[in-house]
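Residues per chain, in single letters:
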Amino acid sequence: MAFENLSEKLSAAFKRLRSKGKLNESDVKEAMREVRLALLEADVNYKVAKDFVAKVSERAVGNEVMESLTPAQMVIKIVNEELTALMGGGETRLNSPSSPPAVVLFCGLQGSGKTTHAAKLALMLKNQGHRPLLVACDVYRPAAIQQLQVLGSQAGVPVFEQGAGDPVKISREAVKHAKDYGNDFVLIDTAGRLQIDEALMDELRRIKEAVPPTDILLVVDAMTGQEAVNVAKSFHELLDITGVVLTKLDGDARGGAALSVRAVTGRPIKFAGIGEKLSDLEVFHPDRMASRILG
Ligand code: GDP
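Keep in mind that this is a model prediction, so the values were computed, not measured.

Novice: Go over the UniProt feature "domain: SRP54-type proteins GTP-binding" (unreviewed entry) in the protein chain, please, and point to the residues and values.
Specialist: Within the UniProt annotation, "domain: SRP54-type proteins GTP-binding" (unreviewed entry) is assigned to residues 268-281. Summarising residues 268-281: 0% helix, 43% strand, and an end-to-end C-alpha distance of 16 Å.

Novice: Before we move on, can you summarise the pairing of strand β4 (residues 185-190) with the specific residues and values?
Specialist: Of all six residues that make up β4, six are buried, and the element is covered over most of its length. The alternating pattern of β4 places Phe185, Leu187 and Asp189 on one face and Val186, Ile188 and Thr190 on the opposite face, and all of these are buried. Two strands pair when backbone bridges link them, and strand β1 (residues 102-107) and β4 are joined in this way by five bridges, in the parallel orientation. Bridge pairing links Phe106 to Asp189 in β4.

Novice: Let's hear about unusual backbone geometry: which residues, and what values?
Specialist: With an omega of 5°, the peptide bond running from Pro100 to Pro101 counts as cis. In this fold, Pro101 is placed in the loop between α5 (71-86) and β1. The phi torsion at Asp43 lies on the positive side, around 75°, for a residue other than glycine. Turning to its location among the elements, Asp43 is positioned in the loop between α2 (25-41) and α3 (46-60). If you check the backbone angles, Asp240 has positive phi at about 55° while not being a glycine. Relative to the elements of secondary structure, Asp240 occurs in the loop between α10 (226-239) and β6 (243-247).

Novice: Requested: an account of the site of the ligand, with residues and values cited.
Specialist: Inspection of the region around the ligand gives 17 residues, with Gly111, Lys114, Thr115, Thr116 and Asp250 positioned closest. One of the side-chain N or O atoms of Gln147 is found 3.0 Å from an oxygen atom in the ligand. If the ligand stood free it would expose 580 Å²; the protein chains cover 79% of that surface.

Novice: If you had to explain the packing of helix α9 (residues 198-210) against α10 to someone new, which residues and values would you point to?
Specialist: Interaxial distance between α9 and α10 falls to 10 Å at its minimum, and their mutual angle equals 50°. Judged on the interaxial angle alone, α10 and α9 are oblique. For α9 against α10, the interelement crossing comes out right-handed. In this structure, α9 uses Leu200, Met201, Leu204, Arg205 and Lys208 to contact α10, whose residues at the interface are Phe235, Leu238 and Leu239.

Conventions we followed
Residues numbered from 1 in each chain as written. Predicted model: local features only at pLDDT ≥ 70, side-chain atom pairs only at ≥ 80, totals over all residues. Heavy atoms only, no water. UniProt positions renumbered as here; feature names shortened; annotations may be inferred. Helix = DSSP H or I, 4+ residues; strand = E, 2+ residues; numbered from the N terminus. Buried < 20%, exposed > 50% of the residue type's maximum accessible area, 1.4 Å probe, protein only. Pairing = 2+ DSSP bridges. Near = heavy atom within 4 Å. Polar contact = N/O pair within 3.5 Å; in protein donor to acceptor, adjacent residues only side chain to side chain. Areas by Shrake-Rupley, 256 points an atom, 1.4 Å probe, with all protein chains shown as cover. Axes fitted to C-alpha atoms, helices over the stretch in contact; angles between N-to-C directions. Parallel < 35°, antiparallel > 145°, perpendicular 65-115°, else oblique. Left-handed = near helix turned anticlockwise from the far one by under 90°. Contact = heavy atoms within 4.5 Å.

What follows is the structure in structure tokens.
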């Protein structure tokens, strides 16, 4: 399970804190040092870890905590609240269009889980009573179009494709098709690359201009830790994303991406992928994730 190591480290630090009964400033300082190390080991961005610990410390050394009957419990509560805040506070929904359809552009590096998550979101929306349309704009790999068709039929969601055409034109026509056929969500799967390159970004920018999307969701693989955060930062700078889909949280990701993405990019994680099945998608809840990390 993801975050196992981080959870263990934090729980050991808090166990020591609890065993002390009444706390003084140096007890808190020592615990915070352990928290910081645990975060760094979990591949959390250096500055994010530093700021996080500073925030918790500032709140924890106040009289209210030190003088309370259960000071360790209060420190843990503060950590929980700050972890939640770090990941964005509350859940964040998809943006609403001024008139339908909502257009969600999926982007990300190859292998991050883009195509799978476009289909997962389509299924989730369909189950909520919406009428999504999937759009195949990863035109460079015939297998990608076919993969989307297979996933679309598993989800019971139509797929708009024009083979290896121009992705900008395909996106535009897909939106028109959605309007004509009453689809209230258009989910566009785009090409990925092994690394960020100018051609990929240019194409995404042109699709963005042509459509324009209500959401640009960047799909990142949680297993890649801080690299996922670097990718998010670059995509955001070039494309102004509206949110992140964090995938493969069912694996043994260390947690760095989940904890740093929001602070580094200013954009929330909107969804989390927790498995290979189409139903393995969750709305991302920062508070639940914080509680899960704290065990
Ligand atoms: P794309 O190249 O970004 O479109 O990536 P794909 O959607 O093709 O996914 C790449 C691989 O990751 C596939 O084998 C997926 O089954 C797998 N995958 C995607 N999302 C998840 C997830 O949340 N958990 C797990 N375990 N595997 C996933």
